[in-house]
Structure formats: structure tokens, C-alpha cells
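Working through the structure, step by step
Okay, here's what each chain looks like letter by letter:
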Amino acid sequence: MVWDRPDIPSVWPPADEQLRGVFLGLLEDGSWGRYHGPHSDALRLELQSYHGVSQSVLCCSGTAAVELSLRAAGVGPGDEVVMCAYDFKANLMNVRTCGGMPVLVDTEPGRPVPDLELLKAAVTSRTKAILVSHLHGLMVPMRGLREFCDSRALVLIEDACQNPGAMVDGRRAGAWGDLGVLSFGGSKLLTAGRGGAILTSSRVLAQRIALYTQRGNEAYPLSEMQAAVVLPQLRQLDVRNRQRAAGVDILRSQLKEQRVLSLLSMEDVSQAVLEAGAVQGLLSVAAYYKVAFRVTDEFPAELRETIVSACEAAGIPLSPGFAALQTIHARSRYRSAGVLDQSAALGQRLLVLHHPVLLAGVDVVEGMGERLASVLRTITGAAG
Ligand SMILES: *Cc1c(COP(=O)(O)O)cnc(C)c1O
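My aim in this report is to walk through the structure given alongside it, one point at a time.

Analysis parameters
- Counting of residues starts from 1 at the beginning of each chain's written sequence and follows it residue by residue.
- Local features in a predicted model are, by the rule used here, given only for residues with pLDDT of at least 70; side-chain atom pairs are given and counted only at 80 or more, and totals for whole chains, interfaces and linings are based on all residues.
- In computing side-chain values, all of the structure's heavy atoms are included and hydrogens and water are not.
- Residues enter a patch when their relative accessible area is above 30% and they make no salt bridge; the linking distance is 9 Å between like charges and 5 Å between nonpolar side chains (Val, Leu, Ile, Met, Phe, Trp, Tyr).
- Surface accessibility in these figures is a Shrake-Rupley result with a 1.4 Å probe; residues are shielded only by whichever protein chains are displayed.
- A side-chain nitrogen of Lys or Arg and a carboxyl oxygen of Asp or Glu constitute a salt bridge if their distance falls within 4 Å.
- Each helix is a run of DSSP H or I of at least 4 residues and each strand a run of E of at least 2, with the numbering of both proceeding from the N terminus.
- Strand pairing follows a simple DSSP-based rule, namely that at least 2 bridges must link the two strands.
- Any two residues whose heavy atoms approach within 4.5 Å are treated as being in contact.
- Here an axis means a line fitted to C-alpha atoms, over the contact stretch when the element is a helix, while the angle between two N-to-C directions is reported on a 0 to 180 degree scale.
- Pairing of aromatic rings covers Phe, Tyr and the six-membered ring of Trp, with a centre-to-centre limit of 6.5 Å; geometry is then stacked below 30 degrees between planes, edge-to-face above 60, and tilted otherwise.
- Cation placement over rings: the criterion is NZ of Lys or CZ of Arg within 6 Å of the ring centroid and within 35° of the ring normal.
- Among the buried residues, those of types Ala, Val, Leu, Ile, Met, Phe, Trp, Tyr and Cys that are joined through side-chain atoms within 4.5 Å form a nonpolar core.
- Only protein chains enter the accessibility calculation, which uses a 1.4 Å probe; a residue whose area is less than 20% of its type maximum is buried, one above 50% is exposed, and one in between is partly exposed.
- For the purposes of this description, domain bounds are those given by an automatic or database domain assignment.
- What a helix should span is 1.5 Å times the count of its residues minus one.
- The bend at a residue is defined as the angle formed between two axes, one fitted to the seven residues ending at that residue and one fitted to the seven starting there.

This next bit is on a nonpolar patch on the surface. Together, L24, L27, W32 and M225 line one region of the surface with nonpolar side chains, adding up to about 430 Å² of accessible area. Turning to its location among the elements, L24 is positioned in helix α1 (residues 17–29).

Glancing now at the sheet that holds strand β3 (residues 101–105). Read across the sheet, eight strands follow the order β1-β9-β8-β5-β4-β2-β3-β15 without closing on themselves; strand pairing throughout is mixed. Edge positions in the sheet fall to β1 (55–59) and β15 (335–336), since each of these pairs with one other strand and no more. Summarising the sheet, strand β2 (residues 80–84) and β3 pair through five bridges and their orientation is parallel. Bridged to V81 within β3 is P102. Strands β1, β8 (179–183) and β9 (196–200) of the sheet are contacted by helix α2 (residues 38–51), whose axis makes an angle of about 130 degrees with β1.

Taken as a whole, this structure holds three aromatic pairs when the rule is applied. The rings of Y86, F88 and F322 are connected pair by pair, giving a single aromatic cluster. Directly above the aromatic system of W176 lies the positively charged group of R171, at a separation of 4.0 Å from the ring centroid.

It is worth spelling out the nonpolar core at this point. For soluble globular proteins, nonpolar side chains are generally found buried alongside one another. The biggest cluster of nonpolar side chains holds 82 residues, and the ones touching the most others in it are I130 and I307. In terms of residues, this core owes the most to one element, helix α8 (residues 224–254), which gives 10 residues. Viewed by domain, this core spans two of them, domain 1 (17–232) and domain 2 (237–383), each represented by three or more residues. Not counting chain neighbours up to four residues away, the residues in contact with I130 comprise V82, L119, V123, L145, F148, C149, L154, V155, L156 and I157. In this structure, L131, V155, L205 and L340 belong to the second largest nonpolar core, which totals 32 residues.

A word on α8. Residues that lie three or four places apart on an α-helix share one face, since the helix turns once every 3.6 residues. For α8, built from 31 residues, the straight-helix expectation of 45 Å at 1.5 Å per residue is met to within 8% by its first-to-last C-alpha distance of 43 Å. Approximately 55 degrees is the largest bend angle found in α8, and it occurs at L237.

This is how it looks when you write it as C-alpha cells:
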């Protein structure tokens, strides 16, 4: 979505000096027109050192990166992949593409985070991998999940497309999984319009991906041009993530008086992360691609539509979150491990705020927070 209020400049993707330099440099050195050049290698090395992993593969999208990860994990016909019922739609389709069976588990109550105990309980002798995504600024309790996967020899795939740069319990998002996935898709926190990457510290897994993608010509490639534009954004990622988190802090304080929406952030997740075996004091830092709000149980889920329309009229980039996977796929495409009520409710109650506005400056964020608070006051007045 484009932040297109005439009074507010578009801030994403950035048109800063670093990127201007990259585009001019590409023009001058001609690397943009070559199959191979220095930028892809440079990006791979920086991604590896930033995340603390030893291997990486660049590819054409986050979706392709998830598919390649599933293939590296050896997922094929008859294999099950345990995942959360509230997740990115293409993740389920990717499991199907590989011939695997997605096994859906419910979220924690009221938060788009897979329930760790349910993930564990859904594992059977047919389970090949567990696939989890950090969504809307929230984080999956990775330490407990990592220990579980180690004890059961399961491949853990960690989708960090929405929160590159986040720290989960002292380690970068994407570095907890046997395979970590990043997206450089349009609008993402690191964007090249299209693109993705897989992070791993396993030579074997990286080698399987390389074999799969080298078929005469390279399949699923990232271009030199795309690699070149991601680099300066990676170098600015921590600073921008801090700015975005500061924006979320402003919104939280501006919205604390109202009862319609609850802002879901790491503030309320950290307790769950600790309970899941995190070591107290290790750093967790959120990265917001979207900020999630839930219509509280005091109000009917249908109020979400009213809020979306009112926000659209007020120029607030708030839209519905994901639909729960079991509500958009035929029963034959997945197996559900237990009831999926929490994810179904989130599918109806979540709203997400798109990130660019968080970088637009304190005044803009405050102005938007005030408008949102006023929209909600009007609606509650009407809902009585
Ligand atoms: C954006 C996204 C992807 C994949 O993105 P592409 O557009 O294919 O690069 C995967 N998972 C999640 C959670 C995402 O948000």
C-alpha cells in the first residue's frame, strides 16, 4: 500500500543518497547488465556476518526461499510440515508444491504467534520440518523451539521475511532456524522490488539448495542490480528498526485510553518468550513491517470493517491482517492438529498498520495516532 496523503511524503522505498550512489555506480560499472558481478557476493557476505551464519543463498523471492528451504529439508510426498494456522498464505501452498502435507496448529490466545506446546504436540513420525513465521512485529519463541527440534532431529525453517534485523532472545531473526528466510519483496524492510535469501550454517543444506537451483542455467536467481540496492538498506537496518520501534511506542501511548483496539507488540510477548525458556536479560528487539492491532473481545469482529473504512477515509494505512489458513483452503489441503479457534478469531479481528508511516517522523506518527484515536472514539460513540 502506498502512503499517499498529499501532506506526507512517501518514505518507502527510500530515495536517499546511498541508493542514488548505488544506481549511478551500476550504470557506470555496467554490473547491472551481467549475470555475475561483485554485488551478490558482497550481499551474501554481509548477510552472513550480520546474522552470524556461515552460508547463504540469494534467490528471486521470499516465497521461492521458503520453497527452496522445504526442498533442502527433504520435504516430499507423504511428509508432514507442522506450521501455524495464522501464517502467510503462500507458505501453505509451498508445502503442497513440494508434495508435503501442512499440519496446522493454533496460535497463542489473541496473538499471531504459534503456540509452542501445540507445535510440539503436532509432531508425528511423518513430520519432516517445522515452519514458523515471525509476523507483524511479534516473535516466535525460538529458543524453546530450537531445543525441541534438536532433540527430535527435525528441520526448523524460520520465516523472517517480516522482521529482518529483529533480535529474538539474543540472536537475529532468521538465524535460529536450520534455514532462515528473508524477502526483498516490494514494500518489505529490505526491498529490491523482488528477491529473497536463505540463511543457514549447514553446508549440506546450502549444497542441496545449490543443486536444486543449478539446472543448466540458474533457476530462482537474484540479479546483480537487486543485490546492489539491498546492501545499503542492510547497513541502515538497525537504525531504521529503532526508528520504527520508537514510532510504535508513540502509538502505544496515544492509544492506551481506548478499548476498541489492542496494539500487539513485544511488550506483551516478552513474558511468553521468557516462559518458553528464554534466558532473562538476552536482547529481544522487534522489527515492524506491520504493526498488529486486535479488535478487543468487548466488540464484535464485524467492527473491523467499519474501522478499515473510517481509517481509509482518514488516510490511515490500516488494513485487515491475514485470513486463517483453514478458512481459505479446502480441508483436503491440510490436516489440522486440534481446534484452530484462536487463529480463526485473529483472521477476523486483526488489523495491520503498514510500516512506512513509522519512518515519516515523530510529528507525522503523532498526527496519525491522534487521528486514529479520534476515529476510534467516534466509532465507540456510535457502537454505544
Ligand atoms: C512477504 C512474505 C513472504 C514472501 O514474500 P515475497 O513477496 O515472495 O518475497 C513470506 N513470508 C512472509 C511472512 C511474508 O510476509
